[in-house]
Amino acid sequence: MFLSEAVAAGIATAMREDGTVFLFGEDVDRSVLGPTKGLVEEFGQERVRNTPISEQAVVGAMIGAAATGLRPVLDLMFGGFLYVAMDQVVNQLAHIGYMSGGRVRLPVVLMAGIGPSGQAGAQHSESPHAALMQAAGVKVVVPSTPADAKGLMIAAIRDPDPVAYLMDVSLAGSRGPVDLADAAVPLGRAAVRREGVHVTVAAMASAVPASLMAAEGLSASGIEVEVIDLRSLVPLDLDTVCNSIRKTRHLVIAETGRRTCGLGAEVAARVLECAWETLEAPPVRVAWPDVPVPFSPSLEFACIVTEGDVAEAVTRALGGRKPSAA
Amino acid sequence: MFLSEAVAAGIATAMREDGTVFLFGEDVDRSVLGPTKGLVEEFGQERVRNTPISEQAVVGAMIGAAATGLRPVLDLMFGGFLYVAMDQVVNQLAHIGYMSGGRVRLPVVLMAGIGPSGQAGAQHSESPHAALMQAAGVKVVVPSTPADAKGLMIAAIRDPDPVAYLMDVSLAGSRGPVDLADAAVPLGRAAVRREGVHVTVAAMASAVPASLMAAEGLSASGIEVEVIDLRSLVPLDLDTVCNSIRKTRHLVIAETGRRTCGLGAEVAARVLECAWETLEAPPVRVAWPDVPVPFSPSLEFACIVTEGDVAEAVTRALGGRKPSAA
Amino acid sequence: MLELYRLMARIREFEEACRRIQRTRTGPGPDGSVSSAGHMPGFVHLYLGEEAIAVGVCAVLRPDDLVASTHRGHGHLIAKGGDVEPMMAELYGRAAGYSKGKGGSMHIFVPEIGMLGTNGIVAAGIPHAVGAALSCKLLGLGRVAVAFFGDGACNQGVFFESMNLAALWALPVIFVLENNLYSEWTESQRLTAGNSLAGRALPFGIPAVVVDGNDVLAVRDAAWEAVARARCGQGPTLIEARTYYYGGHFEGEEFFAGHYRSEADVASWRVRDPIVRFGRTLVDTGETSDSGLELIRREEAERVARAVDSAVAADPPAISELTTDVFADTEPGTHPTVTPVTATS
Amino acid sequence: MLELYRLMARIREFEEACRRIQRTRTGPGPDGSVSSAGHMPGFVHLYLGEEAIAVGVCAVLRPDDLVASTHRGHGHLIAKGGDVEPMMAELYGRAAGYSKGKGGSMHIFVPEIGMLGTNGIVAAGIPHAVGAALSCKLLGLGRVAVAFFGDGACNQGVFFESMNLAALWALPVIFVLENNLYSEWTESQRLTAGNSLAGRALPFGIPAVVVDGNDVLAVRDAAWEAVARARCGQGPTLIEARTYYYGGHFEGEEFFAGHYRSEADVASWRVRDPIVRFGRTLVDTGETSDSGLELIRREEAERVARAVDSAVAADPPAISELTTDVFADTEPGTHPTVTPVTATS
Ligand SMILES: Cc1ncc(C[n+]2csc(CCOP(=O)(O)OP(=O)(O)O)c2C)c(N)n1
Ligand SMILES: Cc1ncc(C[n+]2csc(CCOP(=O)(O)OP(=O)(O)O)c2C)c(N)n1
Ligand SMILES: [Mg+2]
Ligand SMILES: [Mg+2]
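Predicted, not measured: the structure shown is a model, and the values here were computed from it.

## Considering the site of ligand 2
Around ligand 2 sit 23 residues in total, of which A:E55, D:H71, D:R72, D:D151 and D:G152 are the nearest. Close to ligand 2, residues of chains A and D are found. A distance of 2.9 Å separates an oxygen atom of ligand 2 from a polar backbone atom of D:Y182. One nitrogen or oxygen atom from the side chain of D:E184 is found 3.0 Å from a nitrogen atom belonging to ligand 2. Surface burial for ligand 2 is 97%, taken as the share of its 570 Å² of free accessible area covered by protein chains. Class assignment for the residues of the shell around ligand 2 results in nine nonpolar, nine polar and five charged.

## Here's the deal with the coordination of the magnesium ion (ligand 3)
Six octahedral donors around a metal ideally subtend angles of 90 or 180 degrees, whereas four tetrahedral donors ideally subtend 109.5 degrees. Residues and elements named next belong to chain C. Every protein donor of the magnesium ion (ligand 3) is listed here as D151 (OD), N180 (OD1) and Y182 (O), and their distances to the metal cover 2.1 Å. Along the chain, the residues donating to the magnesium ion (ligand 3) fall in the pattern D-x28-N-x1-Y. Of this pair, D151 sits in the loop between β3 (145–150) and α6 (157–168) while N180 is found in the loop between β4 (173–179) and β5 (182–183), placing the two residues 29 residues apart along the sequence. Its relative accessible area of 5% is what places N180 among the buried residues.

## Some points on the interface of chain B and chain C
Across the contact, 36 residues belong to chain B and 45 residues belong to chain C. Together chain B and chain C conceal approximately 3200 Å² of surface at their shared face, both sides included; 61% is due to carbon and sulfur atoms. When the buried area of chain B at its contact with chain C is split by residue, B:R30, B:I53 and B:F295 rank highest and sum to 22% of it. At the junction of chain B and chain C, the tally comes to one salt bridge. Notably, a salt bridge pairs C:R190 with B:D29, separated by 3.9 Å at the nearest N-O pair. If you look at where chain B meets chain C, you find 15 residue pairs in polar contact (both at pLDDT 80 or more). Here the side of chain B that touches chain C is composed, by residue class, of 17 nonpolar, 13 polar and six charged.

## Quick notes on the domain arrangement of chain A
All names here are of chain A. Entries for chain A in the domain assignment read domain 1 (3–171) and domain 2 (191–317). A separation of 26 Å is found between the C-alpha centroids of domain 1 and domain 2. Counting from both sides, the interface comprises 28 residues of domain 1 and, opposite them, 27 residues of domain 2. Summing both partners gives a buried area of about 2000 Å² for domain 1 against domain 2, and 61% of it is carried by carbon and sulfur. Scanning the region where domain 1 abuts domain 2 turns up three salt bridges. For E126, the salt bridge is made with R258, and the minimal N-O distance between the two is 2.9 Å. Sorting the residues of the side of domain 1 that touches domain 2 by element identifies α5 (129–135), β5 (139–141) and α6 (146–158) as the ones contributing at least two each. Residues belonging to the side of domain 1 that touches domain 2 are distributed by class as follows: 14 nonpolar, ten polar and four charged.

## Here's the deal with the environment of D:R229
Residues and elements named next belong to chain D. When you line up the elements, R229 lands in helix α7 (residues 216–231). The class for R229 is partly exposed, based on a relative accessible area of 24%. What R229 contacts, discounting residues up to four positions off in sequence, is P207, Q234, G235, P236 and T237.

## Here we look at the packing of helix α7 (residues 207–220) of chain A against helix α11 (residues 307–317) of chain A
Residues and elements named next belong to chain A. At a minimum axis separation of 8 Å, α7 and α11 run at an interaxial angle of 55 degrees. With respect to α11, the element α7 is oriented oblique. α7 and α11 meet at a crossing whose hand is right-handed. Judged by residue contacts, A210, S211, M213, A214 and L218 of α7 engage E307, V310, A311, V314 and T315 from α11. Grouping the constituent residues of the contact of α7 with α11 by class yields seven nonpolar, two polar and one charged.

## So, the interface of chain C and chain A
In this assembly, 49 residues from chain C lie in contact with 57 residues from chain A. Interface area, chain C with chain A, both sides summed: about 4300 Å², of which 62% is carbon and sulfur. For the interface between chain C and chain A, the tally reads one salt bridge. Here C:E112 makes a salt bridge to A:R103, at a shortest N to O gap of 2.7 Å. Remark: the boundary between chain C and chain A carries 16 residue pairs in polar contact (both at pLDDT 80 or more). If you list the elements that add at least two residues to the side of chain C that touches chain A, you get α5 (126–138) and α6 of chain C. When residues in the side of chain C that touches chain A are grouped by element, the largest group, seven residues, is from α5(C). Taken together, the residues that form the side of chain C that touches chain A break down as 26 nonpolar, 16 polar and seven charged.

Rules used in this analysis
Residues numbered from 1 in each chain as written. Chains lettered and ligands numbered in written order. Predicted model: local features only at pLDDT ≥ 70, side-chain atom pairs only at ≥ 80, totals over all residues. Heavy atoms only, no water. Near = heavy atom within 4 Å. Polar contact = N/O pair within 3.5 Å; in protein donor to acceptor, adjacent residues only side chain to side chain. Areas by Shrake-Rupley, 256 points an atom, 1.4 Å probe, with all protein chains shown as cover. Nonpolar A, V, L, I, M, F, W, Y, C, P; charged D, E, K, R; others polar. Donors = N, O, S within 2.8 Å, 3.2 Å for Na, K, Ca; no water. Helix = DSSP H or I, 4+ residues; strand = E, 2+ residues; numbered from the N terminus. Buried < 20%, exposed > 50% of the residue type's maximum accessible area, 1.4 Å probe, protein only. Contact = heavy atoms within 4.5 Å. Buried area = accessible area lost by both parts, 1.4 Å probe. Salt bridge = Lys/Arg side-chain N within 4 Å of Asp/Glu carboxyl O. Domains from an automatic or database assignment. Axes fitted to C-alpha atoms, helices over the stretch in contact; angles between N-to-C directions. Parallel < 35°, antiparallel > 145°, perpendicular 65-115°, else oblique. Left-handed = near helix turned anticlockwise from the far one by under 90°.

Following this line, the structure appears as structure tokens:
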């Protein structure tokens, strides 16, 4: 199944099991990026509703709806459009749970496509995951496989709190097996995608397959990379990362977003707080440089996180040295 | 001079020297938080303009104005209100310089008050500095003294690029001497506020005076803390921090904002990248926990960064040990 | 009818109490501790003079109807059935407050009375009411939702987006515009183009009426029609209620704002005081007597005084509350993720 | 007059060229490299069928007047005096492009012709035009600004905020609403309350007119009046131009969108093609002959073909360009801050 289809399968599962789940968004019936395609045919225009181009009011409406019995899922299409509604996302959706002293819980899922999708230009290539991590009050998930895409969506919709569900647009057309049994993948757990002993690579989204490819390549030269798919950024499963470091003693973080104040900075800082003695070298961040994503294919390619970037970072993490047997 | 008056003095300097500088904002004539008070008397309602409560259109208008010959300064009042205009700030203001291949430069200053101002509640206590650091394309300054408040404002208005000028509301009423000679304080340079040999504390905004007080207290027990006022977050003066660490070999970062993906994470990650061998212990972050700022005075006090928090962090950075003579 | 008077009196007494307390304000101790009555923290936006709007509108609502409020929300809370004790406790930042002391005046949410929240961001609550109306419609609950907001909020884009959405989907929502002529310290006419705020609803096909916001019965009647339309599926209505706030934008503002309105203006509105006027009507129609009104006022003053006393005596939240309630299921920092690790070799 | 025809023809040829190239699309190599004509990267929103609007409006603008555009911006660029060579180079992501290849179709800014920018965020350019008009007014430049935007953009809050600001300050700005009936793949009437988009200007006191957007002279005349008002300080005007896009929302969308409009609809609009119509007028009034028109079409087709050839042959930006232009004075990563440090003891 394609990853984007798996997203839709997850939504369908949740809509079948719970009549209060409704889907909203611009062109959500035809689905520009694919993740809601086909749902209108099964659930009709009442439950799958196209919205006007009014991101602020629509996110705001999700809040009022969630406070009064709906479990709305809103597809914002591209992650950059989230900024249009940022007040409703941060000051309202994220904070109401806390500001109300726990009286109000808002089960809203905000979907957005992140990262470049083949030269769409800066505004259609943003990844607001770090801004969401900063907000406090929104869970953030980023699947990298079709199986997770479905399972995390089911968990996100069932969750009592706001969840930002970010789909790496460059993975929308990737394929993989999907659990037909409609099981949720619990939020807050990373997945070890490949075992290794020399370096841990903690990655998100399309940086996961890039890291796996890099690991394959490095394996030939005797470097065994452990690849962790973080997949849940809030809550962040630091235990899995730290367990891995206990073995590898080296860390690379690979992120599909800008470097400054990003996921990489946070993981590096947290790991140091709990595993300083363990690390033999400083954590290495692989991320976009601090630029809006450029349009030109060669610049876009230079900007994003590729297999080569991860391989180079692993080598840097090992200090250029071949690893000794760990 | 009060810090808020020094801000106004900096704006006045720039308005006197350059007739294309205009000031905008809600109630900017009377100034809710103080930093634009008195300017309408000197410059009149044409150059000091009250705006409607329309943050999106007003930030957008600053962009169009700056692209065509004005140097607008916009006071957004509280930092949390910036989220209302986040699309215009990130997708437009920050990115147009790059997206245009350098054809367009936007000399806009966005002012906002940050941090709690005495139980104003979460939405009036935000500090969006980390989100702005993430955006790529906005410089970010945060004065902690009246002298810097004036000098950085002059530099910000003269700068060819967008600058977010953040005033810690809890410092608005603090006093200090101010340079009467209208000199700019250049962007991108940190200031060593106190010399010390055992631990470096890199701080921003009201965490600077908190750190200085902590340093005084610790000095009595033989711990000499070097306190650096980062004051310019973009560009970030890492050299000054690293030079200090070369001496102290221990780092604490004190930030007036939420911990996750914040300034502290970034400084920690960058310092490790360039000074891994130098550090004897992991960097310690002092920041708000990942919560919206609570209202109740005792909780608000527990949330913010205080002298005690910094002192405790310094002790933690030193591993509980008394320092040996460095 | 007496109940309307009582609610207006309760709001008035509540707000006057806040005003008195704030004027004797001493501020919290250096560690944020507060004890005496003079320690109400933060700042408050009072509803003094606008009482007829909230009370008139809520008079025609059912308990399970929904309301989204603003930074000036005490009146909406009380009119919708809020209890002054947890309200006052919240204003004092106490654990017994509606938000456990975490929210404060601008962040109070009371699902059990249909209060979707007061709100510190101008206009941000408007779409919340629209969304609540959407649930009412989609779940077939027969409830309606009300968005209260000010004249200043009418320049926020989300207000227009919300009207479009509500009209498009024919949602059971009533937009109640409390036009008190000011946006903070600036006369709204200096900020607002066109000559009718109510008229901003018309391009969306939303009917709009203007009422005297200091006449509780006029407000109630307008709201009754709007609610009736909403309940039978005819969609939204906008009500512009013209009024004035005696207290200005926030209590204690004089020091910051200077003089931005004339005494004469304030006085001219005092003459039209909604409570005095309605009291006179009640007496004139034989509904009650002057002393009957007096009794109500005294009862409400005592109710508020008790709320102040109990708020002053109440405990602040435990410091451990700092990090709870961000999520339903977990506390930040207690996710199963922060076990310290040490080297194995 | 012939110049109007020529500009419409240039836009048509430019967009048809993009369409052809995208249809033979092969995509960049694995490292982002592109070489042949079939490699135009990204996706483009074509202005096919709407040419009369940009050309009619820009016909009455001076070179130093300002324009804010949209995601569907090629027409605005050409009509305002943009050169098809750096445009096409930008669409190919070449260093010679208007944005050095960093922007792409939706991010083109040409200060020297008054182009404030195409824009990938719906409605975001509208306040940029308002701000430009503000500078024109405050600096006393006698210039005017135009905001182009679509019917879908009329549901964005910032559109209303912008109208309020423009009317309040009587700014020299013209709001040009290109109503092509669709917001992406949804008919806008399914998303839009009320029965007139132009009517949304009225509550702000902004005069609004509706014109046939496929009649270049009607558009020009409406724009002439609006610009005259703006230039003499009478403030903003809104022009709703009714039109249709032949190509749909973006080129290559069929695979994703399926069938969302009827062939009959498209055909009915083709009959009103703005270029054919205006050509007929020019011939009927003796302004030129069929062969005169034909010549213009051929010249413009050749101009565009040359632009394609030179774009295909042009160099991509150097990889070192990745991190330049974020700020005027410095490159990220080259701030004087990243000297590695080593231990001193
Ligand atoms: C987005 C945002 N911008 C600015 C403010 C600051 N502010 C608080 S109340 C207010 C005026 C609101 O005026 P109005 O809507 O008429 O309500 P009123 O205070 O008159 O009841 C402003 C500008 C805010 N809270 N939120
Ligand atoms: C804020 C935002 N939301 C959504 C989109 C996706 N989007 C791109 S164009 C478009 C439709 C715009 O319709 P309209 O304004 O009528 O312009 P048209 O494409 O018809 O010319 C949408 C929804 C976007 N680019 N920006
Ligand atoms: Mg008002
Ligand atoms: Mg359209």
